[in-house]
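# Observations on chain architecture
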Amino acid sequence: MPPDGWNGAIPSSRPGTVAEPSHGPDTTPPRGVSISSDPTDRPPSGGPSADGVPAAPDPGPGGVPSAADQPPVAAEPADGLPPAGADGAGVPLAGLHVEEAPAADRSGAQPAGDQGEPADGHHDEPDDHHAAGVSLVAKVRAVLRVRDFRKLWLSMSLSSFGDWLGLLAITATATSLVDGFAGQNYALGAVLLFRLLPAILLGPLAGAFADRFDRRKTMVVSDVLRFALFASIPIVDELVWLFVAQFLIEAISLFWIPAKEAAVPNMLRKDQLEPANQLSLVTTYGFTPVLAALVFAVLTTVGDRLGTTVPSLDESKLSLYLNALTFLVAAVVIWNLPSISGRRAAGTQVTGESFLHSLRAGFSFAGHTPLVRGLVVGITGAFVAAGVVIATGQAFASSVGGGEAAYGLLFGAVFIGLGLGISLGPSIARDLSRERLFGVAIVGAGVGVGLLAWTFTLWIALLLVVVMGFFAGIAYLAGFTLLGTEVDDALRGRTFALVQSLVRASLIVSLAVVPFGVGLLGRTSVDVGSVELAVTGERVMLFVAGLLAVAVGVLAYRQMDDGRPVPLVADVVTALRRDTTARRRLAGGGVFIAFEGGEGAGKSTQTRRLQEWLTEEGLVARTTREPGGTPLGAKIRAIVLDPASAGLSPRSEALLYAADRAQHVHDVLRPALDAGEVVITDRFVDSSLAYQGAGRTIPMDDVRSISRWATQGLQPDLTVLLDLPPEVGLARARGRAAADRLESESLEFHQRVRGTFRALAEAQPDRYLVLDARRSPDELAAAIRTRVSDLLQGLPLQQLPQHARVPRTRRHGDHVVQTGSTPQLHP
Ligand SMILES: Nc1ncnc2c1ncn2[C@@H]1O[C@H](COP(=O)(O)OP(=O)(O)O)[C@@H](O)[C@H]1O
Ligand SMILES: Cc1cn([C@H]2C[C@H](O)[C@@H](COP(=O)(O)OP(=O)(O)O)O2)c(=O)[nH]c1=O
């Protein structure tokens, strides 16, 4: 195993978890109460605003046909974030096609696989983890801009590459030093056993040790020793020494790992640790093993020629020398990084004395918490299976033909799969809950292994191995992320300790047992009708491992399932389709309708009319608005709309709207939707995109990401856009009350706003109803009712008790149900 393998996987403690939305009735405003625009709470007139923001070119929906009349895309924004952090900064999404926007808004492509679950309020995640692919790249780039971290990462990557190459070489060497099928398998098992044993024996001790010494010196000494030991293996060329050297190398690595782990947090900001972990994971399991496998395959092909020129040198020896060299280079790099020995890292101390106790507490916690129990069962079982795959690899490779080169290829394929799973998995799985994803992915990996067992063609085997690695990578990331996010900080360390011990123990057990099993079962062939099927030990073992993975996946799924009545298949399908509406429906949630449009478009009028109609129809419907949908939001509204707030900078304006929105989502929207209500809001995220994005020319993606952060990915099921030329709307609005700060903006500003609304709607016609707001209020209301009644058809929405219903004059033969699906609506 690579030196920094498991540790790289531990998500750093995050700067705080997001509280669940309150479901308590006390935080929910009374149902059905209209809080739509009230002229009396408008700020007093104070003359036109002068916010000092030049009307820069539109950064918005470049490339969208309807926005063609807008000025060209704005330049890169000034980055207000600290240099090391620069999350997403410097990557203006100004040029991003708006069509991509709403999809990203739906919190799809998260790198860390822990995004929110807008539909059901489960597993709500903040914020920067919602980053789309592009901002993952930006985050990683920001992390790599930190010089010391970059150097450490480069040297780690080099050592990791060397280590994988060494592992390939050592397994090849071990098998070449003994004769016979069974003997080779025993030798292989023993090599791997000696690699894992030290962690169990020395883990706690090494942790305590590493905290007491200068980290840089610890790392340099470890690297020099590892250099010497790796170089000694080909020189001594004895099987026994190979085992001893393995054991020593692994033992030394145990001192190196905690030193490195403690050093990294000193180099980065807290919020950068997660992308840093992802980077290490992808490097250690995705990139370097593939490179090592390729290099090993190349060395194998040139090895023969090499053997004739330099008789004592073959590819395994060359690999080991190369590997040794990588540790020497790492030693030099680390020696030149004084910051490693700098400040002591806080919170990474693991003292030896508390280890046993904490392990016990961890056991009891894990035993009593279904989620952790599921994770532990899943991770342990998955690693038993992984051990089987590793241990049978060589025998399997030779059985599909191709010898050591095939082994190298299969080995590489595992890590291509892992790399793909870790980096792409979360964005493919989208808003499927990580609890479900974990079990599903283990089952997927198990099915891959089970099929692999009966594959006799190399390329099919390679394909299956990639699939297996892909699912394993997803499970791995989901599992460790869940441990990081769902386990309380106080218990997290112990839980990780338990999991890591179990991981190593399960690897040891399977690595130790499997080769013996393979040797014992030997090779037999079974006649199946006319075909002769080669049933070999490794294939039987692989098949059993696949079954085991499927079983633990199912078990983990059962343990961790949150009891939602959503069938798994529908859950997976809607998540893959990014169908948030369907997901909320599945979860029995309400329906969320937003009204957007410029000033005086008639939003307040129409939200009120829609709410009245729905109430008449017997549904619990409420109107609300932004800004000012909550008491706190009302104060924010007063600030942002007050013409006296002339000095408000575009960024603070954007943040104030986002703050208002965050409170609105938390206090009003989520609880009401969770209760199955129809929620109608006068303005939502699109207003920020239009006014702050296109209007104020803040890069669209910045606005989008703060909105996404504020809403935790909540999106309307339907947005009604009341489209109106700004001059008409402004005239209407001015007839209503004195101009507020935004109404006082130039006509050009309002034209950009309108263009953006239309572009957003055009990008997602299914989710928008665009109406010409010059039509009469009655016509508009009728068109909205028709569309909304389609949307609500058959949904299990909350209904008013009969006595609370408003009598309708138009209706005949009333029959009223209080539960069940929405009754026939009368648009
Ligand atoms: N379809 C319409 N046609 C003409 N006037 C309208 C229409 N809808 C609303 N109004 C009027 O325009 C003004 C602004 O309407 P309002 O609903 O407050 O718009 P918004 O909330 O979008 O600013 C009000 O005086 C309202 O009576
Ligand atoms: C919600 C939201 C509103 N706004 C602006 C648009 C409006 O000018 C103002 C809200 O005023 P409001 O009176 O609610 O709008 P209307 O006049 O259309 O009834 O705030 C933003 O700039 N960004 C946002 O995110």
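Residues numbered from 1 in each chain as written. Chains lettered and ligands numbered in written order. Predicted model: local features only at pLDDT ≥ 70, side-chain atom pairs only at ≥ 80, totals over all residues. Heavy atoms only, no water.

An unreviewed UniProt entry annotates the protein chain as Thymidylate kinase originating from Modestobacter italicus. Looking at the Catalytic activity (unreviewed entry) heading of the UniProt record, one finds this comment for the protein chain: "dTMP + ATP = dTDP + ADP". Of the protein chain, the UniProt comment under Function (unreviewed entry) reads exactly: "Phosphorylation of dTMP to form dTDP in both de novo and salvage pathways of dTTP synthesis." (UniProt positions renumbered as here; feature names shortened; annotations may be inferred.)

### Some thoughts on the overall build of the protein chain
In terms of helices and strands, the protein chain carries 26 helices and seven strands. Counting over 827 residues, the protein chain shows a buried share of 58%. Considering only intrachain contacts with a sequence separation of at least 6, the fraction spanning at least 24 residues in the protein chain is 81%. Total accessible area on the protein chain is roughly 31300 Å²; 65% of this is exposed by carbon and sulfur atoms. (Helix = DSSP H or I, 4+ residues; strand = E, 2+ residues; numbered from the N terminus. Buried < 20%, exposed > 50% of the residue type's maximum accessible area, 1.4 Å probe, protein only. Contact = heavy atoms within 4.5 Å. Areas by Shrake-Rupley, 256 points an atom, 1.4 Å probe, with all protein chains shown as cover.)

### Quick look at the sheet that holds strand β7 (residues 768-772)
In a beta sheet, neighbouring strands pair by backbone hydrogen bonds and run either parallel or antiparallel. Overall, parallel pairing links the five strands, which are arranged β4-β5-β3-β6-β7 in an open sheet. What marks the edges here is a single partner per strand, and that holds for β4 (621-625) and β7. Across the sheet, the mean angle separating the axes of adjacent strands is 20° when strand polarity is ignored. Both strand β3 (residues 591-597) and strand β5 (residues 678-682) contribute to a ladder of five bridges, which runs parallel. The partner of Ile 593 across the bridge, within β5, is Ile 680. Sheet strands touched by helix α21 (residues 650-674): β3, β4 and β5. Its angle to β4, the strand with the most contacts, is close to 165°. Sitting on the sheet, helix α26 (residues 777-792) touches β3, β5, β6 (718-723) and β7, and the angle it makes with β7 is about 170°. (Pairing = 2+ DSSP bridges. Axes fitted to C-alpha atoms, helices over the stretch in contact; angles between N-to-C directions.)

### Re the site of ligand 2
Around ligand 2 sit 18 residues in total, of which Lys 603, Tyr 657, Arg 683, Ser 688 and Gln 692 are the nearest. In the model, an oxygen atom of ligand 2 is placed 2.7 Å from a nitrogen or oxygen of the Arg 683 side chain. The fraction of the free accessible surface of ligand 2 (550 Å²) that becomes covered by protein chains is 99%. Looking at the shell around ligand 2, the elements that each hand over two or more residues are α20 (631-641), α21 and α22 (685-695). Among the elements that line the shell around ligand 2, the one with the most residues is α22, at four residues. Counted by class, the shell around ligand 2 contains five nonpolar, four polar and nine charged residues. (Near = heavy atom within 4 Å. Polar contact = N/O pair within 3.5 Å; in protein donor to acceptor, adjacent residues only side chain to side chain. Nonpolar A, V, L, I, M, F, W, Y, C, P; charged D, E, K, R; others polar.)

### Some thoughts on the pairing of β6
Burial analysis of β6 places six of its six residues in the buried class, the great majority of the element. Across the two faces of β6 the burial is the same, with Leu 718, Val 720 and Leu 722 and Thr 719, Leu 721 and Asp 723 all buried. Bridge count between β6 and β7: five bridges; the pairing is parallel. Across the sheet, residue Leu 722 finds its bridge partner in β7, namely Leu 771.

### Quick word on helix α6 (residues 215-236)
In this model α6 runs 31 Å from its N-terminal to its C-terminal C-alpha over 22 residues, within 8% of the 32 Å that 1.5 Å per residue would give. Positive phi appears at Asp 237, one or two residues downstream of α6, with a value of about 60°. (Expected span 1.5 Å × (residues − 1).)

### Focus on the UniProt feature "binding site: ATP" (unreviewed entry) in the protein chain
Per the UniProt record, the feature "binding site: ATP" (unreviewed entry) sits at Gly 597, Gly 598, Glu 599, Gly 600, Ala 601, Gly 602, Lys 603 and Ser 604. With respect to the helices and strands, Gly 598 occurs in the loop between β3 and α19 (603-616). Sequence-distant contacts of Gly 598, that is, excluding residues within four places in its chain, are made with Lys 603, Arg 683, Tyr 691, Leu 722 and Phe 757. With respect to the helices, strands and loops of the structure, Gly 600 is situated in the loop between β3 and α19. Each residue touching Gly 600, except ones within four places of it in the same chain, is listed here: Leu 724, Gly 729, Arg 732 and Ala 733.

### Focus on the nonpolar core
Counting residues in each nonpolar core, the largest one holds 95 residues, and the members touching the most others are Phe 230, Ile 233, Phe 415 and Phe 438. When residues are assigned to domains, this core turns out to be shared by domain 2 (146-350) and domain 3 (370-578), each giving three or more. Of all hydrophobic cores here, the second largest spans 33 residues; its members include Ala 654, Leu 656, Val 753 and Leu 760. (Core = buried A, V, L, I, M, F, W, Y, C linked by side-chain atoms within 4.5 Å. Domains from an automatic or database assignment.)

### Considerations on the packing of aromatic side chains
Applying the stated rule across the entire model yields seven aromatic pairs. For the cation-ring pair, Arg 216 lies above Trp 335, with the distance from its terminal atom to the ring centre recorded as 4.6 Å. (Phe/Tyr/Trp six-rings, centres within 6.5 Å; stacked < 30°, edge-to-face > 60°. Lys NZ or Arg CZ within 6 Å of the ring centre and 35° of its normal.)

### Structural notes on the packing of α22 against helix α23 (residues 700-711)
At a minimum axis separation of 9 Å, α22 and α23 run at an interaxial angle of 150°. Classified by the interaxial angle, the pair formed by α22 and α23 is roughly antiparallel. Seen along the crossing, α22 lies across α23 with a hand that is right-handed. Every residue of α23 that contacts α22 at Val 685, Ser 688, Leu 689, Gln 692, Gly 693 and Ala 694 is listed here: Met 700, Val 703, Arg 704, Ser 707 and Thr 711. (Parallel < 35°, antiparallel > 145°, perpendicular 65-115°, else oblique. Left-handed = near helix turned anticlockwise from the far one by under 90°.)

### Details of unusual backbone geometry
Residue Glu 626 is joined to Pro 627 through a cis peptide bond whose omega torsion reads -10°. For Pro 627, the location among the structural elements is in the loop between β4 and α20. Residues other than glycine seldom take positive phi values, yet Asp 237 does so here, at roughly 60°. Secondary-structure assignment places Asp 237 in the loop between α6 and α7 (239-267). One non-glycine residue, Arg 683, adopts positive backbone phi at about 85°. Here Arg 683 is to be found in the loop between β5 and α22.

### With respect to the pattern of salt bridges
Inspection of the entire model under this criterion finds 14 salt bridges. Close ionic contact of Glu 626 with Arg 661 constitutes a salt bridge, the shortest N to O distance being 2.5 Å. Of the two residues, Glu 626 sits in the loop between β4 and α20 while Arg 661 sits in helix α21, which places them 35 residues apart along the sequence. Arg 661 shares its class with Glu 626; the two are buried. Here Asp 723 ties to Arg 758 by a salt bridge, and the two come within 3.2 Å at their closest N and O atoms. Of this pair, Asp 723 sits in strand β6 while Arg 758 sits in helix α25 (residues 747-763); the two residues are 35 residues apart in sequence, bridging distant segments of the chain. The exposure class of Arg 758 is partly exposed, given its relative accessible area of 32%. Each of the salt bridges in this network shares a partner with another, and the network as a whole consists of Glu 653, Arg 696 and Glu 745. (Salt bridge = Lys/Arg side-chain N within 4 Å of Asp/Glu carboxyl O.)

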